[in-house]
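# Examining the three-dimensional arrangement
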Amino acid sequence: MKTNRRCRALLAVSLNLMALLFSTTAFITTHWCEGTQRVPKPSCGKEKKTNCLNYGGNETANETNQNVVHYSWETGDDRFLFRYFHTGIWYSCEENINAAGEKCRSFIDLAPASEKGVLWLSVVSEVLYIMLLVVGFSLMCLELFHSSSVIDGLKLNAFAAVFTVLSGLLGMVAHMMYTQVFQVTVSLGPEDWRPHSWDYGWSFCLAWGSFTCCMAASVTTLNSYTKTVIEFRHKRKIFEQGFREEQNFLDQEAIKYFRERSVQSVTPSGEAFVALLVPENPGCHPLQH
């Protein structure tokens, strides 16, 4: 029993730790959503000679460059290119088409004014989610390594399960609110930011993986608590049943013992009474004369 309970507690601690690591990584990274943005090609210059527009400049110098587009109103989509972007809770980073690297801007500033309150509520829920995970993890570690008795371990187990379940619910709400804000921002956000195509990234997968590990840890903790309680109740029932049987056996033995003692105490007095009535020498009895 003790070994199985310790294995369940160790599994719950491991799942909670994974949920904590996944949620923290997702919270600080910027790959919740990623995709491409359709933006105009920049003008060609001395530093920019590929994927650019030539507005009637030195055409002969650019004839050999296949990536230079000669500007005209009939070119259509040739005037645009698709740059990669990725967005998190805090920042949205885009590929820099004029130079190497990326440029980032605050996603909170990009969100529409009507959604800023929901976005901040999502951020607060994410923070509370991580904090409750830390509390649940600490209680599980105390129950695993420092619980002095089974009763204290059960109390810590119950509190850890409650905190873990609450954290999981907060995490689910936070993820859903962020998804809602991003989808509204895609439609109503700034023109120069709106994605042409997008999908969820690995940070988003980590966030929901954290939620899954969190709920698995809470279920494991509750399972350990209920199994321990059921085992204690079963052992108590067996003990009480055995105690009652032993008590009945002792009562029967006591009754038998007192019956034997009462018979032994009554028999000598009866014999003395009969001896008084019947003398030892019947020939000397006066009635015989």
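It should be emphasised that the depicted structure is a prediction, and the values quoted were computed from it without experimental measurement. (Residues numbered from 1 in each chain as written. Predicted model: local features only at pLDDT ≥ 70, side-chain atom pairs only at ≥ 80, totals over all residues. Heavy atoms only, no water.)

## A closer look at the overall build of the chain
Spelled out, the test is: Secondary structure elements follow DSSP: runs of H or I no shorter than four residues count as helices, runs of E no shorter than two count as strands, and numbering proceeds from the N terminus. Between buried and exposed lies partly exposed: a residue is buried under 20% and exposed over 50% of the maximum accessible area for its type, with that area taken using a 1.4 Å probe on protein chains only. In this description, contact between two residues means that some pair of their heavy atoms is separated by no more than 4.5 Å.
Per the secondary structure count, the chain includes five helices and seven strands. Tracing the chain from N to C terminus, the helices and strands come up as α-β-β-β-β-β-β-α-α-α-β-α. Looking at the chain as a whole, 34% of its 289 residues are labelled buried. Contacts in the chain between residues at least 24 apart in sequence constitute 71% of all its contacts with a sequence separation of at least 6.

## A short note on the state of the cysteines
Here is the rule we go by: A pair of cysteine sulfur atoms is labelled a disulfide when the two atoms are within 2.5 Å.
A full pass over the atoms with the stated rule returns one disulfide. Note on cysteine connectivity: Cys93 is disulfide-linked to Cys104, with sulfurs 1.9 Å apart. Measuring handedness by torsion sign, the sulfur bridge of Cys93 and Cys104 sits at about 105 degrees and is right-handed. Taken together, the residues span a long stretch of sequence, with Cys93 in strand S5 (residues 91–95) and Cys104 in strand S6 (residues 102–106) at a distance of 11 residues. Unpaired in terms of disulfides, Cys214 finds its nearest cysteine sulfur in Cys213, a separation of 8.8 Å. What makes Cys214 buried here is its relative accessible area of 0%.

## Notes on the environment of Leu139
Secondary-structure assignment places Leu139 in helix H3 (residues 116–145). When the C-alpha positions of Leu139 and Ala160 are compared, they lie 5.5 Å apart, and in sequence the two are 21 residues distant. Beyond its immediate sequence surroundings of up to four residues, Leu139 is in contact with Leu156, Phe159, Ala160 and Phe163.

## Quick notes on empty space enclosed by the protein
Leftover empty space is mapped by rolling, across the atoms, a probe with the size of a water molecule. Formally: Here a cavity means grid points, on a 1 Å grid over the protein atoms only, where a 1.4 Å probe fits yet cannot get out; a pocket means an open set of points with protein on both sides within 12 Å along at least five of seven lines; lining residues are those with an atom within 4 Å of a point. Grid points are joined across faces, edges and corners, and a volume is the space filled by probe spheres set on the points.
This model, assessed by the stated rule, comprises one cavity of 30 Å³ or more. Of the pockets and cavities examined, the largest cavity occupies roughly 50 Å³. Along its surface, the largest cavity is lined by Ala9, Ala12, Val13, Leu139, Met140, Glu143, Leu156, Asn157, Ala160, Thr221 and Ser224. Of all the secondary-structure elements, those providing two or more residues to the lining of the largest cavity are helix H1 (2–28), H3, helix H4 (150–188) and helix H5 (202–277).

## What about the pairing of strand S4 (residues 80–87)?
To keep things clear, this is the line we draw: At least two bridges found by DSSP between two strands is the condition for calling them paired.
When you tally the buried positions in S4, you get six out of eight residues, the bulk of the element. In the sheet, strand S1 (residues 33–40) pairs with S4 via eight bridges, with the strands oriented antiparallel. Following the sheet pairing, Arg38 is matched in S4 by Phe82. Sheet analysis places S4 next to S5, joined by three bridges and oriented antiparallel. Note on S5: the bridge partner recorded for His86 is Cys93. Following S4, the chain reverses through three residues before pairing antiparallel with S5.

## Observations regarding the UniProt feature "transmembrane region" (unreviewed entry) in the chain
Threshold: UniProt positions are given in the numbering used here, feature names are shortened, and annotations may be inferred rather than shown by experiment.
If you check UniProt for "transmembrane region" (unreviewed entry), the listed places come out as residues 127–146, 158–180 and 200–226 in our numbering. The span residues 127–146 is 95% helix and 0% strand, and its two end C-alpha atoms sit 28 Å from each other. Secondary structure within residues 158–180 divides into 100% helix and 0% strand; the distance between the first and last C-alpha atoms comes to 34 Å.

## Some remarks on the confidence of the model for the chain
The predicted coordinates ought not to be read in detail in places where the model reports low pLDDT. Keep this limit in mind: For every residue, the pLDDT score states the predictor's confidence, bounded by 0 at the bottom and 100 at the top.
Summarising the model, the chain shows a mean pLDDT of 77, and 63% of its residues fall at 70 or more. In this model residues 68–75 is a low-confidence stretch, pLDDT under 50, and it forms 18 contacts with partners more than four residues away in sequence or in other chains. Low pLDDT, under 50, characterises residues 284–289; the predicted model gives this stretch four contacts beyond four residues in sequence or across chains.

## Notes on the sheet that holds strand S7 (residues 197–200)
Stated precisely, the cut-off is as follows: The axes used here are C-alpha line fits, helices contributing only the stretch in contact, and every angle between their N-to-C directions lies in the interval 0 to 180 degrees.
The sheet built from five strands is open, its strands ordered S6-S5-S4-S1-S7 with antiparallel pairing. Here the strands that pair on one side only, and so sit at the sheet edges, are S6 and S7. Adjacent strand axes in the sheet meet at a mean angle of 25 degrees when their direction is disregarded.

## Points about the nonpolar core
The condition is simple: Nonpolar core, defined: a set of buried Ala, Val, Leu, Ile, Met, Phe, Trp, Tyr and Cys residues in which side-chain atoms within 4.5 Å join the residues together.
By size, the foremost hydrophobic cluster in this structure holds 28 residues, and its most contacted members are Trp32, Phe107, Leu119, Tyr178, Phe182 and Trp193. At the level of secondary structure, the elements contributing two or more residues to this core comprise H1, helix H2 (107–110), H3, H4 and H5. Of the residues forming this core, the biggest block, six residues, is contributed by H5. Not counting residues up to four positions away in its chain, the partners in contact with Tyr178 are Trp32, Thr87, Gly88, Ile89, Phe107, Leu119 and Ser122.

## Focus: the pattern of salt bridges
So the rule is basically this: When a carboxyl oxygen of Asp or Glu is within 4 Å of a side-chain nitrogen of Lys or Arg, the pair counts as a salt bridge.
If you walk through the whole model with that rule in mind, you get four salt bridges. The partner of Asp192 in a salt bridge is Arg105, and the shortest N-O contact between them spans 3.3 Å. Residue Asp192 is located in the loop between H4 and S7, and its partner Arg105 is located in strand S6; the two are separated by 87 residues in the primary sequence. Residue Glu191 is joined to Arg194 by a salt bridge in which the shortest nitrogen-to-oxygen separation is 3.4 Å. Here Glu191 falls in the exposed class, since its relative accessible area comes to 64%.

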